[in-house]
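Spelled out, the chains give:
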Amino acid sequence: MGDVQRAESSNKARLAIMELANMISVPMSLNAIVRLNVPDAIWQGGANTPLSVVQILSRVLPSGGGDPENLQRILRMLTSYGVFDEHLNCSGDDSHSPERKYSLTDIGKTLVTDSEGLSYAPYVLQHHQDALMRAWPLVHEAVLNPTSEPFVKANGEGAYSYYGKKPEMNGLMQKAMSGVSVPFMRAILDGYDGLKGVKRLVDVGGSAGDCLRMILQKYPHVEGINFDLPEVVAKAPSIPGVTHVGGDMFESIPAADAIFMKVNVIYFT
Ligand SMILES: C[S@@+](CC[C@H](N)C(=O)[O-])C[C@H]1O[C@@H](n2cnc3c(N)ncnc32)[C@H](O)[C@@H]1O
């Protein structure tokens, strides 16, 4: 490698480490647009019409206010990560500062609330709630002293028992899981028919019971047991054909012909 190539490679490395060091700005910007309800504001009935930041702000804050420049910074950042499409209009008087408008990409559309009130927005919020954010700076301690998890060190107890005591976090967790799992289950049930011979099915860590609700819509003969922590099933909605059972899967689980376990039940715990 020649001197010029070496210098170029070091420059790239320095830029790359700076980008990595500042990477937190990406999920925090995502969190910001979810809190501000920007995806629903742009979508409005499926129009997805490109809007300027002033137009977006007028939908987000109908009584006025807000800082368009700061919103623009956030939208430009997320445009570079594929959440928004940016549309430039260079035909105005000031061609050095073209008007910018934003619409949602397919990634951005996942944050729009659908007809069932679901989206991936609660998943974004759930991953950035205060208790979890307190644990992240302690990740190195998982190496130094792995006897308790960073979440426990930061909050005094494990994530699920902590959530169970806080109704708003319990609710956010269930909404996040529903938003992620309903589209996933639609795809699974479209292509998988292995559940058609099952009579009694227990979903271990089933949260609000969405997976069983959808399984029973396809296989009404199935008797479903939604098994989760007592605080979680206490908040789960009643679903015809599904019995909610509270307990700890590390102690015992209800008897059934088949066990259904979907996503992160074990490695989160
Ligand atoms: C990441 S969520 C997955 C929810 C659901 N399976 C889905 O895919 O939508 C993990 C679930 O496991 C439950 N859980 C965690 N520890 C548990 C335990 N010890 N016994 C039973 N359920 C538990 C949580 O309350 C939570 O609802």
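Being a predicted model, the structure only gives us computed values, none of them experimental.

Let's shift gears to the pattern of salt bridges. By the definition in use, this model includes 11 salt bridges. Measuring nitrogen to oxygen at the nearest pair gives 3.1 Å for the salt bridge that ties D3 to R6. One end of the pair, D3, and the other, R6, are both in helix α1 (residues 3-21), 3 residues apart, so they sit about a helical turn from each other. R6 gets classed as partly exposed once you look at its relative accessible area, which sits at 43%. Its salt-bridge partner being R76, residue E86 comes within 3.7 Å of it at the nearest N-O pair. With E86 in strand β1 (residues 84-89) and R76 in helix α5 (residues 68-79), this residue pair connects regions lying 10 residues apart in the sequence. Salt bridges sharing common partners tie together R76, E86 and R100.

This next bit is on the site of the ligand. Near the ligand you find 18 residues, and of these S181, G205, D228, D248 and K262 are the closest. With respect to the ligand, the side chain of D248 contributes an N or O atom lying 2.8 Å from a nitrogen atom. In the model, a nitrogen atom of the ligand is placed 2.9 Å from a nitrogen or oxygen of the M249 main chain. Residues that form the shell around the ligand fall into these classes: 9 nonpolar, 6 polar and 3 charged.

The next thing to look at is the packing of aromatic side chains. Note on aromatic pairs: each is described by the distance of the centres and the angle between the planes. Following the criterion strictly, the structure yields 4 aromatic pairs and no others. Consider the rings of F151 and Y163, whose centres lie 6.0 Å apart with planes at 80°: the pair is edge-to-face. Residue F151 is found in helix α10 (residues 150-155), and its partner Y163 is found in helix α11 (residues 159-165); the two are separated by 12 residues along the sequence. Each member of the pair, F151 as well as Y163, is classed as buried.

What follows covers the sheet that holds strand β5 (residues 242-246). Whenever strands of a sheet pair, they do so through backbone hydrogen bonds, lying parallel or antiparallel. Strand order in this open sheet of 4 strands is β5-β4-β3-β6, and the pairing throughout is parallel. Single-partner strands in this sheet number two, and they are β5 and β6 (258-260). If you compare each strand with its neighbour and ignore which way they point, the axes differ by 25° on average. For strand β4 (residues 223-228) and β5, the ladder comprises 5 bridges, and the chain directions are parallel. Bridge pairing links F227 to V245 in β5.

Together, L15, I17, M18, L20, M23 and Y81 make up an exposed nonpolar region whose accessible area comes to about 610 Å². Its location among the elements puts M18 in helix α1.

Turning our attention to the UniProt feature "domain: O-methyltransferase C-terminal" (unreviewed entry) in the chain. With numbering aligned to this structure, UniProt lists the feature "domain: O-methyltransferase C-terminal" (unreviewed entry) at residues 139-262. Helix and strand shares over residues 139-262 are 46% and 15% respectively, and the end C-alpha atoms of the span are 26 Å apart.

Locating S103 in the fold gives a position in strand β2 (residues 99-104). Given the relative accessible area of 5%, S103 is considered buried. Within polar-contact distance, the side chain of S103 engages the side chain of H87 at 2.8 Å.

Counted at 1.5 Å a residue, the expected span for helix α12 (residues 167-191) with its 25 residues is 36 Å, and the 36 Å between its end C-alpha atoms agrees. Considering bend angle alone, the principal kink of α12 is centred on S181 and spans about 30°; proline P183 follows within four residues of it.

Let us look at the environment of M133. Mapped onto the elements, M133 comes out in helix α8 (residues 130-135). With residues near it in sequence (within four places) discarded, M133 still touches M28, H127 and H128.

Moving on, we get to the packing of helix α2 (residues 25-35) against α5. In contact at an axis separation of 10 Å, α2 and α5 are set at 120° when each is read in the N-to-C sense. Considering their axes alone, α2 and α5 lie oblique with respect to each other. Crossing of α2 over α5 shows left-handed handedness. Together, S25, V26, S29, L30, A32 and I33 of α2 and I74, L75, M77 and L78 of α5 make up the contact between the two elements. Tallied by class, residues from the contact of α2 with α5 come to 8 nonpolar, 2 polar and no charged.

On to the nonpolar core, then. Counting residues in hydrophobic clusters, the biggest one holds 19 residues, and the most contacted among them are V38, I56, L75 and F84. Of all elements in the fold, only α2, α3 (38-43), α4 (53-60), α5, β2 and α7 (121-126) reach the threshold of two or more residues within this core. Sequence-distant contacts of F84, defined by excluding residues within four places in its chain, comprise I33, V38, I42, L75, L78, T79, Y102, S103, L104 and T105.

How each quantity is defined
Residues numbered from 1 in each chain as written. Predicted model: local features only at pLDDT ≥ 70, side-chain atom pairs only at ≥ 80, totals over all residues. Heavy atoms only, no water. Salt bridge = Lys/Arg side-chain N within 4 Å of Asp/Glu carboxyl O. Helix = DSSP H or I, 4+ residues; strand = E, 2+ residues; numbered from the N terminus. Buried < 20%, exposed > 50% of the residue type's maximum accessible area, 1.4 Å probe, protein only. Near = heavy atom within 4 Å. Polar contact = N/O pair within 3.5 Å; in protein donor to acceptor, adjacent residues only side chain to side chain. Nonpolar A, V, L, I, M, F, W, Y, C, P; charged D, E, K, R; others polar. Phe/Tyr/Trp six-rings, centres within 6.5 Å; stacked < 30°, edge-to-face > 60°. Pairing = 2+ DSSP bridges. Axes fitted to C-alpha atoms, helices over the stretch in contact; angles between N-to-C directions. Patch = residues over 30% accessible without salt bridge, like charges linked within 9 Å, V, L, I, M, F, W, Y side chains within 5 Å. Areas by Shrake-Rupley, 256 points an atom, 1.4 Å probe, with all protein chains shown as cover. UniProt positions renumbered as here; feature names shortened; annotations may be inferred. Expected span 1.5 Å × (residues − 1). Bend = angle between axes of the 7 residues up to and from the residue. Contact = heavy atoms within 4.5 Å. Parallel < 35°, antiparallel > 145°, perpendicular 65-115°, else oblique. Left-handed = near helix turned anticlockwise from the far one by under 90°. Core = buried A, V, L, I, M, F, W, Y, C linked by side-chain atoms within 4.5 Å.

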